[in-house]
Structures are given as C-alpha cells and as structure tokens.
Amino acid sequence: MKLSILVIFYNMQREGPRTLQSLAPGYQRDVDAADYEVIAIDNGSDRPLDAGRVTALGDGFRYHYHDTASPSPVAAINLGAGMAQGDNIALIIDGARMASPGLVAQTLRALDLADRPVVAAVSAHLGPEAQRFSRDAGYGKDVEDAMLDASGWPQDGYALFDIGTLAPSSRLGYLGGFPPECSWIALPRPMWDALGGFDQGFQAAGGGLAAMDFRNRAVTLDGAQPVMLLGEAVFHQIHDGAATGTSHAANPMARFGPEFEALRGTPPYKADCADVIYFGRMTQRSAKFAQPVHMPAVSKVRTAPAPTHLSAGRQPGDFARPPILVTGLEAAPLGGIARLLEAHGTWAGSGSIADDGTSAWFDLFLDRQAWINRFPRDPEVLRALGLFHRAMTQGDLRGDADAAAALDALGKVISRLGTSAPEIARKQAFAALKDAAPPPAQSHPCWAAASALAHLVLPQLNSAIPDLRVIHVIGDPIVAAHGSAHGQTRSWGSYLLGERVHFDPIGSLRTRALDYWLAAHTRALTLCREVYPDRHLVLSPSDMAEAPDVTARRILHFAGLPEAEGATATLDWSAPPAPDATGDLPSRLIDAARALLDGIPRHD
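Predicted model only: the values in this text are computed from it and were never measured.

What counts, and where the lines are drawn
- Residues numbered from 1 in each chain as written.
- Predicted model: local features only at pLDDT ≥ 70, side-chain atom pairs only at ≥ 80, totals over all residues.
- Heavy atoms only, no water.
- Axes fitted to C-alpha atoms, helices over the stretch in contact; angles between N-to-C directions.
- Helix = DSSP H or I, 4+ residues; strand = E, 2+ residues; numbered from the N terminus.
- Parallel < 35°, antiparallel > 145°, perpendicular 65-115°, else oblique.
- Left-handed = near helix turned anticlockwise from the far one by under 90°.
- Contact = heavy atoms within 4.5 Å.
- Nonpolar A, V, L, I, M, F, W, Y, C, P; charged D, E, K, R; others polar.
- pLDDT = per-residue confidence, 0-100.
- Buried < 20%, exposed > 50% of the residue type's maximum accessible area, 1.4 Å probe, protein only.
- Pairing = 2+ DSSP bridges.
- Core = buried A, V, L, I, M, F, W, Y, C linked by side-chain atoms within 4.5 Å.
- Salt bridge = Lys/Arg side-chain N within 4 Å of Asp/Glu carboxyl O.

What to know about the packing of helix H10 (residues 331-343) against helix H20 (residues 548-559)
Here comes step 1: Contact pair H10 / H20: the axes reach a minimum separation of 11 Å and the direction vectors enclose 60°. It follows from the interaxial angle that H10 and H20 lie oblique. By crossing handedness, the relation of H10 to H20 is classed as right-handed. Here Ile337, Leu340 and Leu341 of H10 lie close against H20, whose contacting residues are Ala552, Ile555, Leu556 and Ala559.
Here comes step 2: Per-class residue counts for the contact of H10 with H20 are 7 nonpolar, no polar and no charged.

Here we look at the confidence of the model for the protein
Here comes step 1: When the pLDDT values of the protein are averaged, the result is 79; 71% of them are 70 or greater.
Here comes step 2: For the stretch residues 294-314, pLDDT sits under 50, and the model shows 56 contacts to residues farther than four places along the chain or on other chains.
Here comes step 3: Note on residues 498-506: pLDDT is under 50 here. Beyond four places in sequence and across chains, it has 25 contacts.

Some thoughts on the pairing of strand S11 (residues 324-328)
Every regular strand shows the same layout, with side chains that alternate between the two sheet faces.
Here comes step 1: For S11, the tally of buried residues reaches 5 of 5 residues, placing the bulk of the element in the interior.
Here comes step 2: Residue alternation in S11 divides its side chains into two sets, Ile324, Val326 and Gly328 and Leu325 and Thr327, and both sets are buried.
Here comes step 3: Here S11 runs beside strand S12 (residues 448-451); their pairing, made up of 4 bridges, is parallel. Across the sheet, the residue bridging to Val326 is Ala450, located in S12.
Here comes step 4: Pairing of S11 with strand S13 (residues 469-473) involves 5 bridges; the strand directions are parallel. Within the sheet, the bridge partner assigned to Leu325 lies in S13 and is Val470.

Some words on the nonpolar core
Here comes step 1: Formed by 57 residues in total, the largest nonpolar core has its most connected members in Leu126, Trp192, Phe198 and Phe289.
Here comes step 2: Ranked by residue count, the leading element in this core is helix H8 (residues 210-219), at 6 residues.
Here comes step 3: Each residue touching Leu126, except ones within four places of it in the same chain, is listed here: Met98, Gln131, Tyr139, Glu144, Met147, Leu148, Leu160, Ile163, Gly164, Phe235, His236 and Gln237.
Here comes step 4: Core analysis: the second largest hydrophobic core is formed by 30 residues, Val7, Leu20, Ala110 and Ala186 among them.

Some words on the pattern of salt bridges
Here comes step 1: Summed over all chains, the structure comprises 14 salt bridges.
Here comes step 2: The partner of Asp156 in a salt bridge is Arg285, and the shortest N-O contact between them spans 2.9 Å. Within this pair, whereas Asp156 is found in the loop between helix H6 (141-151) and strand S7 (164-166), its partner Arg285 is found in the loop between strand S10 (277-280) and S11, the two being separated by 129 residues in sequence.
Here comes step 3: Judged by relative accessible area, which is 24%, Asp156 ranks as partly exposed.

Thoughts on the sheet that holds S12
Here comes step 1: The strand order across the open sheet built from 4 strands is S12-S11-S13-S14, with neighbouring strands paired in parallel fashion. Strands with a single pairing partner mark the edges of an open sheet, and in this sheet they are S12 and strand S14 (536-539). Going across the sheet, the axis of each strand differs from the next one's by a mean of 15°, ignoring polarity.
Here comes step 2: Where S13 and S14 come together, 4 bridges link them in parallel fashion. Bridge pairing links Val473 to Leu539 in S14.
Here comes step 3: The strands that H10 touches are S11, S12, S13 and S14; relative to S11, the one it contacts most, it runs at about 160°.
Here comes step 4: Together, S11, S13 and S14 form the strand contacts of H20, whose direction differs from that of S14 by roughly 165°.

Written out as structure tokens, the structure is:
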C-alpha cells in the first residue's frame, strides 16, 4: 500500500462524515482505492463518529476510538501511525478539513519527486473569510450547511474553491512557500520514524502548535525536499475548534506560544526551507489561491452589506485627472513627493498630522491601531476606502458617523503623544484636521495621497478607483532595520510574515524589522506589477539622493503634470546616512534587500 492517511476527530458528528466522504474512492480522482487507506481516530469524543458509517466508505477505511481525557491529539496521531500499513503517511490533524478531489493522487505523484519529500497542500476555510472573523459577522453552521448544499458539492468536489478563502496559515497562496502550519502533510514512513512522530509534550487543546513543530522538524531533516501541491487544498468546516473556533478577539497564540517556547526554548517560529518544488496543475477555479490573500475576501455569502460609500466604486467624472497614490514605509520621502505634487497643482492633503507634509486623510481612515496583530476585515477596508473616496469627491465629511468614528480612533492615538515639540505640533495639526474638510477633487487637476500604509490595500484601491496610479518608494533597508520600521514590524509583522511578532532583544528586533521591510516591499512590487502593470513608478534612495531633479521630472511626467520653473530646487531629496553596523543582521536578508534594490529598474 502506498499511502496511509490519518484523520483525527473530536466531537465531529457533523463535520467528520463530510471529511471522510471527501477522501473516499469515487470522490478522489485518478487514484486506485487499493493504493491508500484512511484511518479515522476519535480522540476521546463525547459524541463519537458512527464506526459503521466510516467503514462503509470502502475496504481501506478503518475506525478507532482512542479513549483519553487529553484535549491534545498528538498521542492519537502517533497511535494511528503505529496502525498504518502504507509506505508513506499523510495527516489531517483536524478532522473538519475536507479534501479537494485530486489531493490523494497528486500527493502520491509528489512523493515520487525526491528521496525524502515533505508534501503539503494549502489550507482554506469555507466561507467568506477566516472563520475567526466570519463567525463574528454571523457565519455559522447553518449558513455553511446551506452554502454547501447550494454549491453542487459533493458531485462537484472542486466547488469548494468557489465557497472558500485561504486560511491565515496559507495566506500567501500556492506560490508563497511552505506554510508555517500544514493541515495536510505527507512524507515517507522512514522520515516519520526518524522524527519520532509528533512530540507528545504538546498537550494544549487541539495540540497547540504541535503541527508547526512537526513541520519545522520535517523540512529541516537532512535531505528533506519540501513540495507544495498546486490546484488542491483542504477546506475547514466551522466548528468549535481550539483555534478556529474562537472569535477574532481571542488570540490562541497567547495559550499556545508559551507551551512551544517551554518545549523548544524559543518563541514560535517558521523554520526556513530548502528550495520548494511546486507541483501539480491549477484549474481556473483553484487559481484564485495563486494570489496572496492578506485580507479576508469579499464573498456573496457575507451577511453584512458593504457600506454605501463605496457601493458603486468610482463614478465617471469624479476626477479631472487620474489620482495618484504615493506609498512606501518611510514617511519623509513620501512627504517630499507630496510637496512636489502640491507645488505643481495637485491637492495632496491639508492639515497634516505629520511634520513632513504627508497626507493625513488616507491614514486617517485606515486605522492601523484597530488592525494590530490581526487581519483587517473586509468591512473595515471598505469603510476606510469608502470614506476616503467620499472625501476626495465630495469634500465635507462633517456629520458623517463613520468619519467621526475614524477621527475619534485616531484622536485617541494622538492624545497619547508626549510633550516634545514635534508631538505638540502633531496634536495641533490633528485639532485643525478634525474641523477641516478636503476640497472636492473636481475643482483640482488631480489629487494625491502619501501613505505608508497604502501598500497593504492596493488591490482594494484598484477596485474602488480603477484608474489610480501608484508611486512606490523603497527606502534604505539598513536605515529601516535601525529606525522607525520597528513600530511597523510590531504592528504588521504577523500580517506580512505569517507569524506573531515578539518584543525580542534589539538584535532580533532589527532582524525582524529588515525581514518586514523585505516582505512589505516584495509584496508591494508584486502587486504593482500585477494590479497596476502600466500605472506604477518605483523609486529608490539612490534615485532621490543622487539625481533629485531627474527624479522630480520623472514623477511629474508620470503624473501628467507640467514642470513649474524652479519648483524642484526647494525640495530636499537626500536620504539619511545608513548606519555602518550590520553585524547583527543576517547576511541572507541583507543580500535579499540589495537584490531587491538592484532589480528596481525592471519594475518601472
């Protein structure tokens, strides 16, 4: 027998039968039933599965009830591995995850690609967004049942792609590398034995971070070859799970992280992989998972309506000239570009809360403080873009409840500033901004906004403002590692890096800041190429410091603005000197950052 599939259940009388049906011969395509077995293990369930229903699915289906009081499935996993008869072992640690129809066949093919392969598939959630968020918007078992019934599943197994979204652990999609946790993982039996199976020290509910630990040990085993399957996935059904069964406000890492650290002597981490092989085929339906999903996806099953501010997107005549977004991580060069554009007839925001002249209106509605350490939810993004769109086209937002809430949220952040001169200036600027309104964009040749957050929502901006053009500024990576990027790392590290950010010693924090810099700019450049292929301009520190006049003319040409005589001479384009010390920064990150900068001309 080629493959033994272990599936662990706990009180899944609703979810379990669907998962097992999705693994059964007839549903799984292009594979002989004799090539694999499925071992279903009930981990001390109060309401166990019907053993007869399990074994009725085929000769290769077995059921075992593991009598235990432990909330952790690791002992059950290792028990199942001892029962397995296959040359390879695959695991679904959470029995609520349904398989796509080619998962078994493609896994068997992938296991032949190397001597020591470690095969994974992306994880998805049924529903409009990650279930820790969607359940707060009314998504539940009844909604999911109706959605599955209407989808055409199980007759059409790939219908799961139509009603699912990437899970947080697989948010980077098919081509985003080996995920930090694997809801489907397969490897040869000798590798399983060499690893000793799962570490039974993980006793938190659901196993805590046992799957992450196993994944780390598997991909770093000598000779291991990670393989990511294309076009297949496992889809999580909503249930009262240890992690996905909590609301977005509850953070399971607060419970799971300490156990991992106690066992491994380090905070949870994602071990680096060797070069990943991407194997398989993608259909038109599964290709939706090829793109990174950094925010919950919009879906027709969403229970909350989209805000009316953005119901129709940009209307003809909203803007006399296509608007421009200036984005990046470092505020100073963004402010310089904003001032350049304003000097040539644009409107780039008034009453700034920043000393460098950047627009406050965009950051005002994209309230970073409300998004720290979690994904921005789609209604929040829509509200932010809707308010921004209205501000740019109508001007006055006074009296708008959503705008007042955004102002109040930002005001709370501003109120915590200290008594230094710059902080006092920001407080005064915010007070002026709160009573101000931007002029309608129709009265200006074009408008621009300079924002260090906007790279996070470029696809949504494209949807809301189809003719938007983007100037993306990439600052100095070493300056970023030693400077203000620390704050963005703490706020957005889990969002871009796929792992929770800890307040580590300064050397580790600098490494994290550089890692964030690299991830953020890589993502922004990818989105510029894919979403704004003919409508983006990328600038580097050398562009601004070594050839400011040439760079200014490039910007004005890109914006479609005539050059005003002498206007560029008033701008200071110089970048701060980079710190000399790089000894505490990994050479792999420094080399990757330099390679990204070297490649900038190719992105224009």
